[in-house]
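Structural features, examined
Residues per chain are reported as follows:
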Amino acid sequence: QVQLVESGGGLVQLGGSLRPSCAASGSIFSRVGMGWYRQAPGKQRELVAAISSGGTTTYYDTVKGRFTISRDNAKNTIYLQMNSLKPEDTAVYYCNAGVIISIMRQGPYWGQGTQVTVSS
């Protein structure tokens, strides 16, 4: 069983930055892909960024060049550095464990989500 706890969301102005993190329990962290998804009101959950166990990354087109996903296996934690934030980035951001990047499949473990709100 893997438990995920996100933190670091919040309210920020247009053009600002945030760096949410996701801490994972369990011994499998270093061996699985991890991802960040987001869900805005009235919209489906979508993949924002993912990172494989080997460090390969992938990003949703609208966040490329603005967001960076990283992982620290020693701390069982992943991060999402979000720069140049826009109002359309407003959503609940969820951490996901077990992502398979090669086939863009989400994993079975989810965090509780952290709210990110970007004001204009």
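Refer to the preceding data block for the structure.
Within each chain, residues carry numbers counting from 1 in the order of the written sequence. The predicted origin of the model limits local features to residues at a pLDDT of at least 70 and limits the giving and counting of side-chain atom pairs to 80 or more, whereas totals for whole chains, interfaces and linings rest on all residues. Calculated side-chain values reflect all of the structure's heavy atoms, with hydrogen atoms and water omitted.

Now for the overall build of the chain. Counting from the N terminus, the helices are DSSP H or I runs at least four residues long and the strands are E runs at least two residues long. When helices and strands are counted, the chain shows 0 helices and 11 strands. When the helices and strands of the chain are listed from N to C terminus, the series reads β-β-β-β-β-β-β-β-β-β-β. For the C-alpha atoms alone, the extent of the chain along its principal axes is close to 40 × 25 × 25 Å. Exposure classes here rest on a 1.4 Å probe applied to the protein chains alone. A residue is buried below 20% of its type maximum, exposed above 50%, and partly exposed in between. Scored against the burial criterion, the 120 residues of the chain give a buried share of 43%. Within the chain, contacts between residues separated by at least 24 positions form 55% of all contacts whose residues are at least 6 apart in sequence. Between the centroid of the 11 positive side chains of the chain and the centroid of its 6 negative side chains there is a distance of 5 Å. What makes two residues a contact is simply this: any of their non-hydrogen atoms within 4.5 Å. All tallies of charge rest on Lys and Arg as positive and Asp and Glu as negative; His and the ends of each chain are not included. Note on charges: their place is set at NZ of Lys, CZ of Arg, CG of Asp or CD of Glu.

When DSSP finds two or more bridges between a pair of strands, those strands are recorded as paired. Pairing within the open sheet is antiparallel, and its 4 strands lie in the order 1-3-8-7. The outermost strands of the open sheet, each flanked by one partner alone, are strand 1 (4-7) and strand 7 (67-72). Across this sheet, the average inter-strand angle for adjacent strands is 15 degrees, counted without regard to direction. As a rule, the C-alpha atoms of each element are fitted with a line to give its axis, helices using only the stretch in contact, and angles between N-to-C directions run from 0 to 180 degrees.

Here the focus is the packing of aromatic side chains. Only centres within 6.5 Å qualify two rings of Phe, Tyr or Trp (six-membered ring in Trp) as a pair; their planes then separate them into stacked at under 30 degrees, edge-to-face at over 60, and tilted for everything else. Evaluated as defined, the whole model comprises 2 aromatic pairs. For the cation-ring pair, Arg19 lies above Tyr79, with the distance from its terminal atom to the ring centre recorded as 4.1 Å. For the cation-ring pair, Arg45 lies above Trp110, with the distance from its terminal atom to the ring centre recorded as 4.5 Å. Ring-over charges, as used throughout, are those where CZ of Arg or NZ of Lys falls within 6 Å of the ring centre and within 35 degrees of the ring normal.

We now examine the environment of Gln39. Residue placement: Gln39 occurs in strand 4 (residues 33-39). For Gln39, a relative accessible area of 28% gives the class partly exposed. Residues Gln39 and Leu4, 35 residues apart in the sequence, show an inter-C-alpha distance of 17 Å. Setting aside residues no more than four positions away along its own chain, Gln39 makes contact with Gln44, Arg45, Ala91, Val92 and Tyr94. Under this definition, polar contacts are N or O atom pairs within 3.5 Å; protein pairs additionally need one hydrogen-donor-capable and one acceptor-capable atom, and for neighbouring residues in sequence, both atoms have to be side-chain atoms. Polar contacts involving the side chain of Gln39 include one to the main-chain carbonyl oxygen of Lys43, which spans 3.1 Å.

All right, on to the state of the cysteines then. Note on disulfides: each one is a pair of cysteine sulfur atoms within 2.5 Å. In this structure the tally under the stated criterion is 1 disulfide. Between the sulfur atoms of Cys22 and its disulfide mate Cys95 the distance is 2.1 Å. Judged by the sign of its S-S torsion, about -80 degrees, the cystine formed by Cys22 and Cys95 is left-handed. A residue pair is termed long-range when its members are at least 10 positions apart, and Cys22 in strand 3 (residues 21-24) and Cys95 in strand 9 (residues 91-99) qualify at 73 residues. When its relative accessible area of 0% is taken as the criterion, Cys22 is described as buried.

This next bit is on unusual backbone geometry. Positive phi is not limited to glycine here, since Asn76 has a value of about 50 degrees. Mapped onto the fold, Asn76 is located in the loop between strand 7 and strand 8 (77-82). Unlike most non-glycine residues, Ser84 shows phi in positive territory, near 50 degrees. For Ser84, the location among the structural elements is in the loop between strand 8 and strand 9.

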